[in-house]
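Residues per chain, in single letters:
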Amino acid sequence: SAVISQKPSRDICQRGTSLTIQCQVDSQVTMMFWYRQQPGQSLTLIATANQGSEATYESGFVIDKFPISRPNLTFSTLTVSNMSPEDSSIYLCSARTGDGYGYTFGSGTRLTVV
Amino acid sequence: QKEVEQNSGPLSVPEGAIASLNCTYSDRGSQSFFWYRQYSGKSPELIMFIYSNGDKEDGRFTAQLNKASQYVSLLIRDSQPSDSATYLCAVKGSYNTDKLIFGTGTRLQVFP
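Conventions and cut-offs
Residues numbered from 1 in each chain as written. Chains lettered and ligands numbered in written order. Predicted model: local features only at pLDDT ≥ 70, side-chain atom pairs only at ≥ 80, totals over all residues. Heavy atoms only, no water. Pairing = 2+ DSSP bridges. Helix = DSSP H or I, 4+ residues; strand = E, 2+ residues; numbered from the N terminus. Axes fitted to C-alpha atoms, helices over the stretch in contact; angles between N-to-C directions. Contact = heavy atoms within 4.5 Å. Buried area = accessible area lost by both parts, 1.4 Å probe. Salt bridge = Lys/Arg side-chain N within 4 Å of Asp/Glu carboxyl O. Polar contact = N/O pair within 3.5 Å; in protein donor to acceptor, adjacent residues only side chain to side chain. Nonpolar A, V, L, I, M, F, W, Y, C, P; charged D, E, K, R; others polar. Buried < 20%, exposed > 50% of the residue type's maximum accessible area, 1.4 Å probe, protein only. Disulfide = S-S within 2.5 Å.

Residue and element names in this part refer to chain A. Pairing within the open sheet is antiparallel, and its four strands lie in the order E1-E3-E8-E7. In this open sheet, the two strands that pair with only one neighbour each are strand E1 (4-7) and strand E7 (68-72). Averaged over all pairs of adjacent strands, the angle between their axes in this sheet comes to 15°, without regard to strand direction.

Written out as structure tokens, the structure is:
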């Protein structure tokens, strides 16, 4: 299965600032997904990113707050904008790889907003 | 009703026993079903996927799917302390969606 490199692994940010998280896949993938996982909780899908088109956001998530880029088939970024302490969470990217059944995750970004 | 439901646990089993993890889903048209293991502080790791009714075995793991009952389970035979983790059930919905919907996870504790 593919390997996804995600960075940064963690960051502590001031409220009101923005953080961009990057994910690099070692093979071409059609779709990438961005999730948020709050402490002790399951994964909540933020958006689905196709190469060459606008990301599709889930209910409760908007592009102004979580802009996503997908410039090619191996790379995507998620920006958490105008951060508040409520944005403190783990952010994970994922991609559907290989035979189409496997969904692989990046190592995650632990974000703390102070 | 949540789309994917799991008992949060913890489920405690002794070493060597069979651990049984259960998951129900609401979308009858769901196509594929996944079990992920997540250790504390780590990202989810795919254990198995299943898309046909019945059982699918891989080593100590068996996934069972019953689409009529909208139920999928994961059995772990000969449980080891290293199996202690949170197990996440994920469902790929019907039609043209590729996104996975995750359950809340079941925390498994295997004690020596």
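Before going further, it helps to spend a moment on the interface of chain B and chain A. Taken residue by residue, the interface counts 18 residues in chain B and 19 residues in chain A. Taking both sides of the interface into account, the surface hidden between chain B and chain A amounts to around 1500 Å²; carbon and sulfur atoms contribute 58%. Considering only the side of chain B, the residues that lose the most area to chain A are Asp98, Lys99 and Phe102 of chain B, jointly responsible for 34% of the buried surface there. Summed over the shared surface of chain B and chain A, the number is two salt bridges. A salt bridge links lysine 99 of chain B to glutamate 58 of chain A, with the nearest nitrogen and oxygen atoms 2.9 Å apart. Where chain B touches chain A, the interface holds eight residue pairs in polar contact (both at pLDDT 80 or more). Looking at the side of chain B that touches chain A element by element, the count peaks at four residues for strand E4 (residues 32-38) of chain B. A class-by-class count of the residues in the side of chain B that touches chain A yields nine nonpolar, six polar and three charged.

Next up on the list: the pattern of salt bridges. A full pass over the atoms with the stated rule returns six salt bridges over all chains. Residue aspartate 87 of chain A pairs with lysine 65 of chain A through a salt bridge whose shortest N-O separation is 2.6 Å. Pair noted here: aspartate 87 of chain A is in the loop between strand E8 (75-80) and strand E9 (89-97) and lysine 65 of chain A is in the loop between strand E6 (56-57) and E7, with a separation of 22 residues, a long-range link. With its nearest N and O atoms 2.1 Å apart, the salt bridge here joins arginine 96 of chain A to aspartate 98 of chain B. Here aspartate 98 of chain B lies in the loop between strand E9 (85-92) and strand E10 (100-102) and arginine 96 of chain A lies in strand E9, a pairing that spans two chains. Accessibility expressed as a relative area gives 31% for arginine 96 of chain A, which makes it partly exposed. On the basis of relative accessible area, aspartate 98 of chain B is assigned to the buried category, the value being 14%.

Attention now goes to the side chain of arginine 36 of chain A. Along the chain, arginine 36 of chain A falls in strand E4 (residues 31-37). Those residues in contact with arginine 36 of chain A that lie beyond four places of it in its chain are Ser42, Leu43, Thr44, Ile46, Phe61, Phe66, Asp87, Ser89, Ile90 and Tyr91 of chain A.

As a further point, take the state of the cysteines. This structure, assessed with the given rule, holds two disulfides over all chains. Here cysteine 23 of chain A engages in a disulfide with cysteine 93 of chain A; their sulfurs sit 1.8 Å apart. Disulfide cysteine 23 of chain A-cysteine 93 of chain A: the torsion about the S-S bond is -90°, which places it as left-handed. Linking cysteine 23 of chain A in strand E3 (residues 19-25) with cysteine 93 of chain A in strand E9, this pair joins segments that are 70 residues apart in sequence. The pair formed by cysteine 23 of chain A and cysteine 93 of chain A is uniform in burial state, with each residue classed as buried. Paired by a disulfide, cysteine 23 of chain B and cysteine 89 of chain B hold their sulfur atoms 2.1 Å apart. Around the S-S axis, the bridge from cysteine 23 of chain B to cysteine 89 of chain B shows a dihedral of about -70° and counts as left-handed. One end of the pair, cysteine 23 of chain B, is in strand E3 (residues 19-25); the other, cysteine 89 of chain B, is in strand E9, and 66 residues separate them in sequence.

As a further point, take the pairing of E8 of chain A. Residue and element names in this part refer to chain A. The element E8 is extensively covered by neighbouring structure, given that six of its six residues are classed as buried. Burial along E8 is two-sided: Phe75, Thr77 and Thr79 facing one way and Ser76, Leu78 and Val80 facing the other are all buried. For E3 and E8, the ladder comprises six bridges, and the chain directions are antiparallel. Each bridged residue has a counterpart across the sheet, and for isoleucine 21 the counterpart in E8 is leucine 78. In the sheet, E7 pairs with E8 via three bridges, with the strands oriented antiparallel. Paired with asparagine 72 across the bridge in E8 is phenylalanine 75.

In short, the description is geometric, and any link to function would need to be established separately.
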